[in-house]
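Tertiary structure, described
These are the residues of each chain, in order.
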Amino acid sequence: MMTNRPQVESILLSDASIGIRYRVLQVTAKGIIRQRMLDMGLVPGVRLVVIRFAPLGDPIEIRINRFFMSLRKEEAKYVFVEAMGPCPHRHPRRFKRHFHGRF
Amino acid sequence: MADSKTIFVALAGNPNSGKTSIFNCMAGANQKVGNFSGVTVEKVEGTLKHKGYTIRLVDLPGTYSLSPYSPEEKVARDFILFQKPDMVINIVDATNLERNLVLTTQLMDLEVELLVVMNMIDEVEKQKTHIDFEQFERLFGAHVIPVSAVTKFGIPDLLDHIVDIKSGKIETKKYKHHYTEKTENYILQLINIIKQRDSWKGVPTRWMAIKLIEQDPDVLAMIQSSPCREAVNEVLNSVSEDILKFDQMETDVYLAEERVAFIHGALKETVRNAEEEAETFTEKIDNILLHRFFGMPIFLLIMYGIFQLTFQLGEYPMQWINSLFQLLTQFLDGIIPASIAKSILLDGIIAGVGGVLIFLPNILILFLCLSLLEATGYMARVAFVIDKLMHRIGLHGKSFIPMITGFGCTVPALMAVRTLRNRGDRITTMMVVPFFSCGAKLPVYTLIISAFFMPAAAGNVLFGIYLFGIVIALISAKLIKSTAFKGESEPFVMELPPYRKPSALIMLKQTWMRAMMYIKKAGTIILLASVILWFAVSFPKNPEIHNKYETLRLQKGANIVQLDHHEKAEQLPYSVAGRIGIFLEPISRPLGFDWRLNIALINGLAAKEIVVSSMGTIFAVGNDEGNINSLAESLRNDPLYSKAVGLSFMVFVLLYIPCIASVAVFSRESNSIKWALFFVVYSLTVAWIFSFLVYQTASLFGL
Ligand SMILES: Nc1nc2c(ncn2[C@@H]2O[C@H](COP(=O)(O)OP(=O)(O)O)[C@@H](O)[C@H]2O)c(=O)[nH]1
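As the structure is a computational prediction, the values presented were derived from the model and not from experiment.

What follows deals with the overall build of chain A. Across its full length, chain A holds 3 helices and 6 strands. Mapped from its N terminus to its C terminus, chain A presents α and β elements in the order β-β-α-β-β-β-α-β-α. Counting all 103 residues of chain A, 57% fall into the buried class. Once local pairs closer than 6 in sequence are excluded, the contacts in chain A between residues at least 24 apart make up 62%. Accessible area for chain A stands at about 4600 Å²; split by element, carbon and sulfur atoms hold 53% of it.

Printed below as a string of structure tokens:
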């Protein structure tokens, strides 16, 4: 049912970088993952910041308003976001070379 | 039930909203823990009196929504729909309204008497956030009561409100949450169709209509058997088409977005926040605790700390309990004349009670630690840090704690599994926990190693055994998860709650209640099993042997203690346990075990601690602790035994049923006799197969 991919430049949340603000465009997850996302307010239009990756590189921590949540990269693949520029309170540089390796 | 002086109240709210704390403020000590019928979801009930009314509180499980995807959410929703509480108190974390209010809007859809409690108001004040409660009440149509479970601010006000609503002194407006005009139109159409057909057991039709638009499987199922099915489906098709065409979304996303947008708008009108995006206190702590280099070492250190605390610190009270029971036994031994009843009491019942209580220190300490992790907020981080590895075997990061706890004792480890939300994860984790070699198995390994191996090799053999257990556990987890619970993976979409100062009182209370639950349920079974086992080992006796030893004992200068040992050993093959041991020889032969080792293993069912001492009895060296060397000696010199037998025996001890207590707890925690039986069969099968392989291979190499 993923018709009409939005026109703006969208990337997957799993490919997002730390310290950048994003706006959610689309949630394509199914079943319980989808429900959890909607319940937590991860819906189109919402703004989020990627805070960090877990020490081993997988789950991701994001911030929506004053609320912190985590999700696995494979789950973040179901969320399309668009970049909104750097987040003023964070330092994207510091995290740039974060650990992406396999473990 | 529905008498006018009793108020039936359900507490609903997100996890970490402070539900437990508020429940405790309200109900105090008057609470009772149980399960919601048919599911292993904890149900806490309490009662209190206020202004002549009796308030009956039921704490619903903490949930983010009322969707039917997890047992907790289903329980909460069915409870509100079908038990029809007089009112629902929705506890929200006022420092995080944006997310907490999603559940509130869903409760509004249910058209219940709703009372919104804004908890953590102390933190709100500290953050210099301003909330306009009056405007909030106007928008949500529910009374809002600011409360702090920590300072107790607002609790009396909350109780007054509950009574006032019941007595009709104040009226809740029961606002409906209004969706966009388009959505409302469809909702109306659906209501008109379904309300003609059925009373739907009192389930509000507006809620049903909303859920139908969201394609909720449960409500769709309700409709499927009704004649209005066609008409409903027709409307649903046009909603989906409409929303997909104009908004490029599926209907459930659309409604979720509407809710979030409503909340966002409402909060703009009511809340003035300090800086929105500044790094929070929690974030700063996490910069260290979840640091990309130090996060892992810190995590391991914390896990190590808990482990040491539980099993090292727990060692002392365990010894006290042990000594206490020894003293009791000695004392009773002195005053009761010899008889079968005495033997049952001392060796059966008292030993059994001791066997139950001996786990208590471990359980108490471990659960206190777990409560601490949970209440501070670090528990979610544990899962966050280790999830990548756990996910490899199909499990969730939260399975990690029960697993490592298994190295200490299987019983508390199985009980720790209740922190997992997904049933598949729970059962899978419980199935593999016993393969993490528990502390009680160590003396067995030590004995066997000292009997058959060079001291230099001891460390390696021991390490190999532990490692082998872990490997079997991981493979089993993967296997069970990808067959029995295929595709049932628990998502990691979850909150990382803010760090908070925990309340010692609540932690102690929770720990105590869990410990009591263990004693009540597991205790009776362990006790029963110990008595049965005692009978099996002691009876029947062979009178000829008995007479022979009676004569020997009467001789001058007879060593009574030694004669007792020898009699016990000689009587063993005639006892039920001995006969079973002999009977089992055909299937234990391929593993290298004769009937004597079989008896030791049967004894090990009561507890692994007993294996070594029962071998002391079997090999007639007595079962005191000083006799390990002579026991090792007898094993080494026995022509039937060899290195291969030793290896095979250790593998079997590692893998077979840890103890009856663990089976009892397994059955309790899984709420399924079937799975408990499978657990028994599985561990026995795995143990047999690997012991067989080890013995046969080792024999080939002439060990
Ligand atoms: N500052 C503050 N902390 C609170 C308040 N209520 C609860 N907490 C803390 O928040 C955490 C979660 O509370 P708990 O009652 O376990 O939440 P539950 O998961 O909803 O049952 C605990 O550490 C509590 O001590 C409150 O009013 N103010």
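Quick look at the overall build of chain B now. Helix and strand counts for chain B come out as 33 helices and 10 strands. Projected onto its principal axes, the C-alpha positions of chain B cover 100 × 55 × 55 Å. Classification of the 703 residues of chain B by burial places 55% in the buried group. Restricting the contact set of chain B to residue pairs at least 6 apart, pairs at least 24 apart contribute 73%. With 65 positive and 67 negative side-chain charges, chain B shows a separation of 4 Å between the mean positions of the two kinds.

All right, on to the site of the ligand then. Residue and element names in this part refer to chain B. Neighbouring residues of the ligand: 20 residues in total, closest Asn16, Thr20, Ser21, Ala149 and Ala375. Here a nitrogen atom of the ligand sits 3.3 Å away from a polar atom, N or O, in the side chain of Glu123. Here an oxygen atom of the ligand sits 3.1 Å away from a polar atom, N or O, in the main chain of Lys501. Compared with its free state, where it exposes 580 Å², the ligand has 88% of that area covered by protein.

Residues and elements named next belong to chain B. Enumeration over the complete set of coordinates arrives at 17 aromatic pairs over all chains. Between Phe485 and Trp675, the aromatic rings sit 5.4 Å apart at their centres with planes inclined by 25°, giving stacked as the arrangement. Of this pair, Phe485 sits in the loop between helix H22 (455–483) and strand S10 (494–495) while Trp675 sits in helix H33 (residues 673–700); the two residues are 190 residues apart in sequence, bridging distant segments of the chain. Under the relative-accessibility criterion, Trp675 is labelled buried at 13%. Each residue in the set Phe435, Phe485, Trp675, Phe678 and Tyr682 is aromatic and connected to the rest through ring pairs, giving one cluster.

What follows covers the domain arrangement of chain B. All names here are of chain B. If you check the domain split of chain B, you get domain 1 (6–167), domain 2 (181–277) and domain 3 (299–539 + 575–700). Look at where the C-alpha atoms of domain 1 and domain 3 centre, and you get two points 40 Å apart. In this assembly, 25 residues from domain 1 lie in contact with 14 residues from domain 3. Interface area for domain 1 against domain 3, summed over the two sides, is near 1600 Å², with a carbon-plus-sulfur share of 41%. Linking domain 1 to domain 3 there are 3 salt bridges. For the salt bridge of Glu495 with Arg99, the shortest nitrogen-to-oxygen distance reads 3.0 Å. Across the contact surface, domain 1 and domain 3 share 6 residue pairs in polar contact (both at pLDDT 80 or more). Every element with two or more residues in the side of domain 1 that touches domain 3 is listed here: helix H1 (19–27), strand S2 (31–35) and helix H2 (71–83). Its residues assigned to classes, the side of domain 1 that touches domain 3 comprises 7 nonpolar, 12 polar and 6 charged.

Right, let's get into the nonpolar core. Among the nonpolar cores identified, the biggest contains 121 residues, and Phe299, Leu373, Val411, Met431, Met615, Leu635 and Phe649 of chain B are the most heavily contacted of them. Apart from the residues lying within four places of it in its own chain, the contact partners of Leu373 of chain B are Ile302, Met303, Ile306, Tyr378, Met379, Val382 and Ile401 of chain B. Of all hydrophobic cores here, the second largest spans 96 residues; its members include Met40 of chain A together with Val58, Val144 and Leu255 of chain B.

This part takes up the confidence of the model for chain A. For chain A, per-residue confidence averages 80 on the pLDDT scale, and residues scoring 70 or more make up 77% of the total. Under a pLDDT of 50 for its full length, residues 92–103 of chain A has, in the predicted model, 23 contacts with residues more than four places off or in other chains.

Right, let's get into the sheet that holds strand S3 (residues 42–50) of chain B. Sheets are built from strands that pair by backbone hydrogen bonding, the pairs being arranged parallel or antiparallel. Residue and element names in this part refer to chain B. Taken in spatial order, the 7 strands of this open sheet run S2-S3-S4-S1-S5-S6-S8, and their pairing is mixed. Looking at which strands have only one partner, the edges of the open sheet turn out to be S2 and strand S8 (143–146). Neighbouring strand axes in the sheet, compared pairwise and without regard to direction, differ in orientation by 25° on average. Judged from the 7 bridges that link them, S3 and strand S4 (residues 53–59) form a sheet pairing that is antiparallel. By the bridge assignment for S4, Thr47 is matched with Arg56. Here H2 sits on the sheet and contacts strand S1 (6–13), S3, S4 and strand S5 (87–93); the angle it forms with S1, its principal contact strand, is near 155°. Relative to S5, helix H3 (residues 97–109) is tilted by about 165°, and along the sheet it contacts S1, S5 and strand S6 (114–119).

With that out of the way, let us pick up helix H10 (residues 229–247) of chain B. Residue and element names in this part refer to chain B. With 19 residues, H10 ought to run about 27 Å at 1.5 Å a step, and its terminal C-alpha atoms sit 26 Å apart, in line with that. Considering only its buried residues, H10 is in contact with helix H7 (181–195), helix H8 (205–213), helix H9 (217–224) and helix H11 (251–270). Of the residues one or two after H10, Gln248 is the one with positive phi, at around 50°.

Residue and element names in this part refer to chain B. Looking at where Leu605 falls in the secondary structure, it is placed in the loop between helix H28 (595–603) and helix H29 (609–618). Look at Leu605 and you get partly exposed, because its relative accessible area is 24%. On a C-alpha basis, the gap between Leu605 and Leu332 in space is 26 Å, while along the polypeptide they are 273 residues apart. Filtering out sequence-adjacent residues up to four positions away, Leu605 remains in contact with Tyr656, Ile657, Cys659 and Ile660.

Residues and elements named next belong to chain B. Of all the 7 residues making up S5, 7 are buried; the element is thus mostly covered by neighbouring parts of the structure. Across the two faces of S5 the burial is the same, with Met87, Ile89, Ile91 and Asp93 and Val88, Asn90 and Val92 all buried. Examined bridge by bridge, S1 and S5 share 5 bridges and lie parallel to one another. Bridge pairing links Val9 to Met87 in S5. When S5 meets S6, the two strands line up parallel, connected through 6 bridges. Bridge pairing links Asn90 to Val116 in S6.

As a further point, take the interface of chain A and chain B. Listed per partner, the contact involves 54 residues of chain A and 56 residues of chain B. For the pairing of chain A and chain B, the buried interface totals around 5000 Å² over both sides, and the portion due to carbon and sulfur atoms is 55%. Its largest share of buried area at the contact with chain B, chain A owes to Arg36, Arg66 and Arg72 of chain A, together 15% of the area lost on that side. Taken together, the connections running from chain A to chain B amount to 6 salt bridges. The interface formed by chain A and chain B includes 16 residue pairs in polar contact (both at pLDDT 80 or more).

By the secondary structure assignment, Arg72 of chain A is in the loop between strand S5 (67–71) and helix H2 (73–76). The class for Arg72 of chain A is buried, based on a relative accessible area of 1%. A distance of 2.6 Å separates a polar atom in the side chain of Arg72 of chain A from a polar atom in the side chain of Asp387 of chain B. If we ignore the near neighbours within four places in the chain, the residues touching Arg72 of chain A are Asp58 and Pro59 of chain A together with Asp387, His391, Leu395, His396, Ser489, Glu490, Pro491 and Phe492 of chain B.

Per-chain confidence: chain B averages 84 in pLDDT, with 95% of residues scoring 70 or above. Scoring of the predicted complex yields 0.80 for pTM and 0.84 for ipTM.

Glancing now at a nonpolar patch on the surface. Residue and element names in this part refer to chain B. Among the surface-exposed residues, Leu309, Leu313, Tyr316 and Trp320 lie close enough to one another that they form a single nonpolar patch of about 480 Å² accessible area. Secondary structure elements with two or more residues in the nonpolar patch: helix H13 (295–313) and helix H14 (315–335). Within the secondary structure, Leu313 sits in helix H13. Under the relative-accessibility criterion, Leu313 is labelled partly exposed at 45%.

Rules used in this analysis
Residues numbered from 1 in each chain as written. Chains lettered and ligands numbered in written order. Predicted model: local features only at pLDDT ≥ 70, side-chain atom pairs only at ≥ 80, totals over all residues. Heavy atoms only, no water. Helix = DSSP H or I, 4+ residues; strand = E, 2+ residues; numbered from the N terminus. Buried < 20%, exposed > 50% of the residue type's maximum accessible area, 1.4 Å probe, protein only. Contact = heavy atoms within 4.5 Å. Areas by Shrake-Rupley, 256 points an atom, 1.4 Å probe, with all protein chains shown as cover. Lys, Arg positive; Asp, Glu negative; His and termini not counted. Charge placed at Lys NZ, Arg CZ, Asp CG, Glu CD. Near = heavy atom within 4 Å. Polar contact = N/O pair within 3.5 Å; in protein donor to acceptor, adjacent residues only side chain to side chain. Phe/Tyr/Trp six-rings, centres within 6.5 Å; stacked < 30°, edge-to-face > 60°. Domains from an automatic or database assignment. Buried area = accessible area lost by both parts, 1.4 Å probe. Salt bridge = Lys/Arg side-chain N within 4 Å of Asp/Glu carboxyl O. Nonpolar A, V, L, I, M, F, W, Y, C, P; charged D, E, K, R; others polar. Core = buried A, V, L, I, M, F, W, Y, C linked by side-chain atoms within 4.5 Å. pLDDT = per-residue confidence, 0-100. Pairing = 2+ DSSP bridges. Axes fitted to C-alpha atoms, helices over the stretch in contact; angles between N-to-C directions. Expected span 1.5 Å × (residues − 1). Patch = residues over 30% accessible without salt bridge, like charges linked within 9 Å, V, L, I, M, F, W, Y side chains within 5 Å.

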